[in-house]
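Residues per chain are reported as follows:
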Amino acid sequence: MKPVRYKRMYPAGFFVIQIFVRSNFTDMAQGLLIQERLMRQTIQELVERYQNSLYAVAFNVCKNQQDAEDAVQDTFLQYYNSKKEFESEQHIRAWLIRVAINKAKNMNLSFWRKNKTSLEDYMETLVFETPESEHLFETVMGLPEKYRIVIHLFYYEDYSVREIGEILKISESNVKVRLSRGRMLLRETLKEEWDDDK
């Protein structure tokens, strides 16, 4: 009597891992790393995870709700159409932010800017925890673009100086200078307003 063979279901990538295990245990970690690099996230996962932060970054650049939405949509389309392979989740996030910033800058340069929404109109759609946080947001939005983007990435997206440099393709020292100058401008603006209130 022959033994009964059962059909086994294996998770995706099981055989790739098995080949590495059988061939050489020391190469297994490297094989898993290679397999992870080849993985790409689905658009739906990325939209759920990053849509809001990409929108915030794009709005920081173009200060226009419609253009920011278009920049985010174009960012996801570029990801979908690209064949780029990513090393990690952080790599995907940084790439998406870099593309969103570039798309928003391109929107600013375009001749046709449709359905402009003023900062005041957009502010009415946001919900802030305190009046102070709303005022701080308005003040940050009033900064020049190069300081506004760095401050947003550092304080709102929790990126390190090194990561911001990689995203914006500038040196770490340049990031530090922009952060310092942006903070100084914020401090001066807020101090003037506080002095006026006295």
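Small disclaimer: the values here were computed from a predicted structure and weren't measured.

Definitions and cut-offs
Residues numbered from 1 in each chain as written. Predicted model: local features only at pLDDT ≥ 70, side-chain atom pairs only at ≥ 80, totals over all residues. Heavy atoms only, no water. Patch = residues over 30% accessible without salt bridge, like charges linked within 9 Å, V, L, I, M, F, W, Y side chains within 5 Å. Areas by Shrake-Rupley, 256 points an atom, 1.4 Å probe, with all protein chains shown as cover. Salt bridge = Lys/Arg side-chain N within 4 Å of Asp/Glu carboxyl O. Helix = DSSP H or I, 4+ residues; strand = E, 2+ residues; numbered from the N terminus. 1 Å grid on protein atoms, 1.4 Å probe; cavity = no way out; pocket = protein on both sides within 12 Å on 5 of 7 lines; lining within 4 Å. Points joined across faces, edges and corners; volume = space filled by probe spheres on them. Nonpolar A, V, L, I, M, F, W, Y, C, P; charged D, E, K, R; others polar. Core = buried A, V, L, I, M, F, W, Y, C linked by side-chain atoms within 4.5 Å. Buried < 20%, exposed > 50% of the residue type's maximum accessible area, 1.4 Å probe, protein only. Contact = heavy atoms within 4.5 Å. Phe/Tyr/Trp six-rings, centres within 6.5 Å; stacked < 30°, edge-to-face > 60°. Polar contact = N/O pair within 3.5 Å; in protein donor to acceptor, adjacent residues only side chain to side chain.

Student: What is the right way to read a nonpolar patch on the surface from this model?
Tutor: Nonpolar side chains collect at one region of the surface, where Leu136, Tyr155 and Tyr156 lie side by side and expose about 290 Å² of accessible area between them. The topology assignment puts Tyr156 in helix α8 (residues 145–156).

Student: Sorry, what's going on with the layout of surface pockets here?
Tutor: Here the idea is plain: a probe the size of a water molecule rolls over the atoms and shows the empty space left. Estimated volume of the second largest pocket: approximately 240 Å³. As for the second largest pocket, its lining consists of Lys84, Gln90, His91, Ala94, Trp95, Arg98, Tyr159, Arg162, Glu163, Glu166, Ile167 and Lys169. Among the secondary structure elements, those contributing two or more residues to the lining of the second largest pocket are α5 (89–109) and α9 (161–168). Per-element accounting of the lining of the second largest pocket gives the leading share, five residues, to α5. Taken together, the residues of the lining of the second largest pocket sort by class into four nonpolar, two polar and six charged.

Student: Any chance you could explain the nonpolar core here in plain terms?
Tutor: In globular proteins that are soluble, nonpolar side chains generally tend to be buried together. Membership of the largest hydrophobic core comes to 39 residues, with the highest contact counts inside it found for Leu54, Leu96, Ile97, Ile101, Leu153 and Leu168. For this core, the secondary-structure elements that each account for two or more residues are α3 (43–62), α4 (65–81), α5, α7 (131–141), α8, α9 and α10 (172–197). A per-element tally of this core places α3 first, with nine residues. Sequence-distant contacts of Leu96, defined by excluding residues within four places in its chain, comprise Leu46, Tyr50, Leu54, Thr75, Phe76 and Tyr79.

Student: Explanation requested: the packing of aromatic side chains in the structure shown.
Tutor: The geometry of two aromatic rings is summed up by the distance between their centres and the angle between their planes. Taken as a whole and assessed by the stated rule, the structure comprises five aromatic pairs. Measuring from centroid to centroid gives 5.7 Å for Tyr79 and Phe86, while their planes differ by 25 degrees, and the two rings are stacked. The exposure class assigned to Phe86 is buried, which follows from its relative accessible area of 1%. Summarising the aromatic geometry, the rings of Phe86 and Trp95 are spaced 5.4 Å apart at their centres and angled 70 degrees between planes, so their arrangement reads as edge-to-face. Each member of the pair Phe86 and Trp95 is classed as buried.

Student: Which parts of the structure should I look at to understand the pattern of salt bridges?
Tutor: Pairing between side chains of opposite charge can happen when their charged atoms approach one another. This structure, assessed with the given rule, holds three salt bridges. Here Arg49 makes a salt bridge to Glu89, at a shortest N to O gap of 2.8 Å. Of this pair, Arg49 sits in helix α3 while Glu89 is found in helix α5, placing the two residues 40 residues apart along the sequence. Note on Arg49: relative accessible area 42%, which makes it partly exposed. For Glu89, a relative accessible area of 29% corresponds to the partly exposed category. Notably, a salt bridge pairs Arg93 with Glu157, separated by 3.0 Å at the nearest N-O pair. With Arg93 in helix α5 and Glu157 in the loop between α8 and α9, this residue pair connects regions lying 64 residues apart in the sequence. Judged by its relative accessible area of 9%, Glu157 falls in the buried class.

Student: Would you mind going over the side chain of Ser53 with me for this structure?
Tutor: Position of Ser53 among the secondary structure elements: in helix α3. By relative accessible area, which is 13% here, Ser53 ends up buried. At 3.3 Å, the side chain of Ser53 forms a polar contact with the backbone oxygen of Tyr50. With residues up to four places along the chain from it excluded, the contact list for Ser53 reads His152 and Glu157.

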